[in-house]
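# Residue-level structural notes
The primary structure of each chain is shown beneath.
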Amino acid sequence: MANMRLVVLALALLAAGASAQNLVAAPQAPTMMPQAATSAPKGPCDMGLTFFPPQGDNLPTGWSQAAQQSSGNTQTDQMMKVALTGYPTPQLYVSPASVYTQVGGSVPVACTAGQSAAGAGVLTRPAAFTITWALAGQSKQLGPFLKGSKQDPPASVTLSSVPKLPDGDYCLQVKMDLIPGSGIVSIGAQQFKVPARAQSIKRQVCFVKLATRPQANITFHSCNSSFAVDLTGITPKPQFSRRAGKP
């Protein structure tokens, strides 16, 4: 009886097909990460990024911060793998995490060119940044963006080509660059252009394009009052969510 219930459940899931927007799977091993995937920059003068900036509601819901957190993602600069159907049009918001882009924020004197004294200045003009993305042979540079106020809408990558992609595994490559000298820090009566050198950070976001229902070959095996079932040739391959603290 237990085996029969498992068979019925498997067939029901296969026939219905999970909602591809909300399918969250285990994170893939990154292949394009020059530094550790942490939510905060390494040092006070280094840049990071976040995929969950204020006023940035990622689409579909599998890319939302709530869905990512519920599936065990505690980082803000990485995304667990999801399945995308192409509708709604996937849109991923991304914003720099840097002392050079925090409007009106405090900037350590050590982060200004040629300065080694203690203390801090005020960021009077945030540094501009660009976003370069690449997916399935297509690439585009966005910006430069200048975050003029805390209320400005964040930059985003819109993947309008996803509906045209064949079903399969993909990885979106995202690169963010801070433009050197595009920001201004005031220290007393002095002003310094920041950052003194170009800064960049790379991340990748993997997903499954899944517009058709899952398929599988089903073989039944019976013996007296019990039976079993084999599922082979499953397309796409199942991937499971992994919550923090659980195997």
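Please refer to the structure higher up on the page.
These numbers were taken from a predicted model, which means no experiment stands behind them.

### Thoughts on the state of the cysteines
For the structure on display, the rule yields two disulfides. Disulfide partner of Cys45: Cys111, at an S-S distance of 2.0 Å. Taking the torsion about the S-S bond as the criterion, the Cys45 to Cys111 disulfide, at about -90°, is left-handed. Residue Cys45 is located in the loop between helix H1 (2–16) and strand E1 (48–50), and its partner Cys111 is located in the loop between strand E5 (106–108) and strand E6 (120–125); the two are separated by 66 residues in the primary sequence. Across a sulfur-sulfur distance of 2.0 Å, Cys171 and Cys206 are joined as a disulfide pair. Between Cys171 and Cys206 the sulfur-sulfur dihedral comes to about 90°; the bridge is accordingly right-handed. In this pair, Cys171 sits in strand E10 (residues 168–178) while Cys206 sits in strand E13 (residues 199–209), placing the two residues 35 residues apart along the sequence. Across the protein, the disulfide pattern expressed with sequentially numbered bonded cysteines is 1-2, 3-4.

### Re the packing of aromatic side chains
Tallying each qualifying case throughout the model produces three aromatic pairs. Summarising the aromatic geometry, the rings of Trp63 and Phe207 are spaced 6.4 Å apart at their centres and angled 90° between planes, so their arrangement reads as edge-to-face. Residue Trp63 is found in the loop between E1 and helix H2 (65–70), and its partner Phe207 is found in strand E13; the two are separated by 144 residues along the sequence. Taken individually, Trp63 and Phe207 each receive the classification buried, so the pair is uniform in this respect.

### Here's the deal with the environment of Asp77
Examined against the element boundaries, Asp77 turns out to sit in the loop between H2 and strand E2 (82–84). Taking the C-alpha atoms as reference points, Asp77 and Val205, separated by 128 residues in sequence, lie 9.8 Å from one another. A polar side-chain atom of Asp77 sits 2.9 Å from a polar atom in the side chain of Arg203.

### What about the pattern of salt bridges?
On inspection of all chains with the given rule, the structure shows five salt bridges. Here Asp46 and Arg197 are joined by a salt bridge, their closest N and O atoms 3.9 Å apart. Of the two residues, Asp46 is situated in the loop between H1 and E1 and Arg197 in the loop between strand E12 (190–194) and E13; the sequence distance between them amounts to 151 residues. Where Asp169 meets Lys81, a salt bridge forms, and the shortest distance between an N and an O atom there is 2.6 Å. Of the two residues, Asp169 is situated in strand E10 and Lys81 in the loop between H2 and E2; the sequence distance between them amounts to 88 residues. Take Asp169: its relative accessible area is 54%, and that puts it in the exposed class.

### Examining the sheet that holds E12
Strand order in the open sheet made by the four strands is E5-E6-E11-E12, with antiparallel pairing throughout. Strands at the two margins of the open sheet, each flanked by one partner only, are E5 and E12. Within this sheet the neighbouring strands show an average axis-to-axis angle of 40°, counted without direction. Of the strand pairs in this sheet, E5 and E6 are connected by three bridges, and their pairing is antiparallel. In the strand pairing of E6, Val107 is matched with Gly121.

### Re the environment of Lys193
With respect to the element layout, Lys193 can be found in strand E12. Exposure remark for Lys193: the relative accessible area of 59% places this residue in the exposed category. Taking the C-alpha atoms as reference, Lys193 lies 7.8 Å from Ala113; in sequence the two are 80 residues apart. Each residue touching Lys193, except ones within four places of it in the same chain, is listed here: Gly181 and Gly183.

Here is what the cut-offs are and how they apply
Residues numbered from 1 in each chain as written. Predicted model: local features only at pLDDT ≥ 70, side-chain atom pairs only at ≥ 80, totals over all residues. Heavy atoms only, no water. Disulfide = S-S within 2.5 Å. Helix = DSSP H or I, 4+ residues; strand = E, 2+ residues; numbered from the N terminus. Phe/Tyr/Trp six-rings, centres within 6.5 Å; stacked < 30°, edge-to-face > 60°. Buried < 20%, exposed > 50% of the residue type's maximum accessible area, 1.4 Å probe, protein only. Polar contact = N/O pair within 3.5 Å; in protein donor to acceptor, adjacent residues only side chain to side chain. Salt bridge = Lys/Arg side-chain N within 4 Å of Asp/Glu carboxyl O. Pairing = 2+ DSSP bridges. Axes fitted to C-alpha atoms, helices over the stretch in contact; angles between N-to-C directions. Contact = heavy atoms within 4.5 Å.

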